[in-house]
Amino acid sequence: AQSVTQPDIHITVSEGASLELRCNYSYGATPYLFWYVQSPGQGLQLLLKYFSGDTLVQGIKGFEAEFKRSQSSFNLRKPSVHWSDAAEYFCAVATRSNDYKLSFGAGTTVTVRA
Amino acid sequence: EPEVTQTPSHQVTQMGQEVILRCVPISNHLYFYWYRQILGQKVEFLVSFYNNEISEKSEIFDDQFSVERPDGSNFTLKIRSTKLEDSAMYFCASVPPSGSNEQFFGPGTRLTVL
């Protein structure tokens, strides 16, 4: 069955420390991969996406993600977090065969401590 | 920069009442979607719409739900007889005609059913 897994429900990180959020997917073919961020009470903002090509993609706000086909993973990273990065992060997957509808992971809540 | 808009931002209704949630997608986009997010849960796909018809719907999208694109700009989600469990944030999204497959999300409508 197709699925998106974010193993970490909640991560706490110190301001200035690095952050890595994990995402694994289970799909028949290479899907389109996305990371979205959601601040409390807000909508979904796209951080970055991967469709093809270079497996290391750069996004907004200093985030990057690496697609690893062998591990079916698309982990999100940021070298140095800021307090404003406290939010919920969703990994999402789409396929052409499904009309590009997005399937979301359960999300990871990031808390940033001073 | 063009953006997806949604109205109202918050709708409160009584159980059993009909509600219509409105979305104005980006003007040249061709694929349209509704998603919902129950408080504290992940974002779930409801329905996709292309070429003036539903292309896919989830098991959540039962007979109480319908979508329309009545005038070529608005894209509406109707819930015929609301239930308490319909309380959620509803997001509209659209995809441009070719290339990126990126979904552009609206800010959402928070529906509260009492």
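The model shown is predicted, which means the values in this text are computed figures rather than measured ones.

Caption draft 1: Inspection of the overall build of chain A at higher detail. Helix and strand counts for chain A stand at zero helices and 12 strands. For a compact globule of 114 residues, the expected C-alpha radius of gyration is about 13 Å, and chain A comes in at 14 Å, within 12% of that figure. For chain A, the spread of C-alpha atoms along the principal axes amounts to about 45 × 30 × 20 Å. Counting every position in chain A, which comprises 114 residues, the buried fraction comes to 48%. Intrachain contacts of chain A at a sequence separation of at least 6 include 54% that bridge at least 24 residues. For chain A, the exposed area adds up to about 5400 Å²; of that, 47% sits on carbon and sulfur atoms. Averaging the locations of the 10 positively and 9 negatively charged side chains of chain A gives two centres separated by 4 Å.

Caption draft 2: Examining the sheet that holds strand β1 (residues 5-7) of chain B more closely. All names here are of chain B. Strands sit in the order β1-β3-β8-β7 across an open sheet of four strands; the sheet is antiparallel. Each edge of the open sheet carries a strand with a single partner, namely β1 and β7 (65-68). For this sheet the average axis-to-axis angle between neighbouring strands, irrespective of direction, equals 20°. Bridge count between β7 and strand β8 (residues 75-79): four bridges; the pairing is antiparallel. Bridged to Phe65 within β8 is Ile79.

Caption draft 3: Layout of the nonpolar core. Formed by 27 residues in total, the largest nonpolar core has its most connected members in Trp35, Leu48, Phe74, Leu76 and Tyr89 of chain A. For this core, the secondary structure elements donating two or more residues are β2 (10-14), β3 (19-21), β5 (32-38), β6 (45-50), β8 (64-68), β9 (73-78), β10 (87-94) and β12 (108-113) of chain A. Residue contributions to this core peak at four residues, all from β10 of chain A. If near-sequence neighbours (up to four positions away) are discounted, Phe74 of chain A is found in contact with Cys23, Leu33, Phe34, Trp35, Leu48, Lys49, Tyr50, Val57, Ala65, Glu66 and Phe67 of chain A. Of all hydrophobic cores here, the second largest spans 23 residues; its members include Trp34, Ile38, Leu46 and Phe65 of chain B.

Caption draft 4: Here's a closer look at the state of the cysteines. If you walk through the whole model with that rule in mind, you get two disulfides over all chains. One disulfide bridge connects Cys23 of chain A with Cys91 of chain A, the sulfur atoms lying 2.0 Å from each other. Between Cys23 of chain A and Cys91 of chain A, the disulfide has an S-S torsion of -65° and is therefore left-handed. Of this pair, Cys23 of chain A sits in the loop between β3 and β4 (24-26) while Cys91 of chain A sits in strand β10, placing them 68 residues apart in sequence. In terms of burial, Cys23 of chain A and Cys91 of chain A fall into one category: buried. Between Cys23 of chain B and Cys92 of chain B runs a disulfide, and the two sulfur atoms are separated by 1.9 Å.

Conventions we followed
Residues numbered from 1 in each chain as written. Chains lettered and ligands numbered in written order. Predicted model: local features only at pLDDT ≥ 70, side-chain atom pairs only at ≥ 80, totals over all residues. Heavy atoms only, no water. Helix = DSSP H or I, 4+ residues; strand = E, 2+ residues; numbered from the N terminus. Rg over C-alpha atoms; globule rule 2.2 N^0.38 Å. Buried < 20%, exposed > 50% of the residue type's maximum accessible area, 1.4 Å probe, protein only. Contact = heavy atoms within 4.5 Å. Areas by Shrake-Rupley, 256 points an atom, 1.4 Å probe, with all protein chains shown as cover. Lys, Arg positive; Asp, Glu negative; His and termini not counted. Charge placed at Lys NZ, Arg CZ, Asp CG, Glu CD. Pairing = 2+ DSSP bridges. Axes fitted to C-alpha atoms, helices over the stretch in contact; angles between N-to-C directions. Core = buried A, V, L, I, M, F, W, Y, C linked by side-chain atoms within 4.5 Å. Disulfide = S-S within 2.5 Å.

Worth remembering: the numbers are spatial, not functional.
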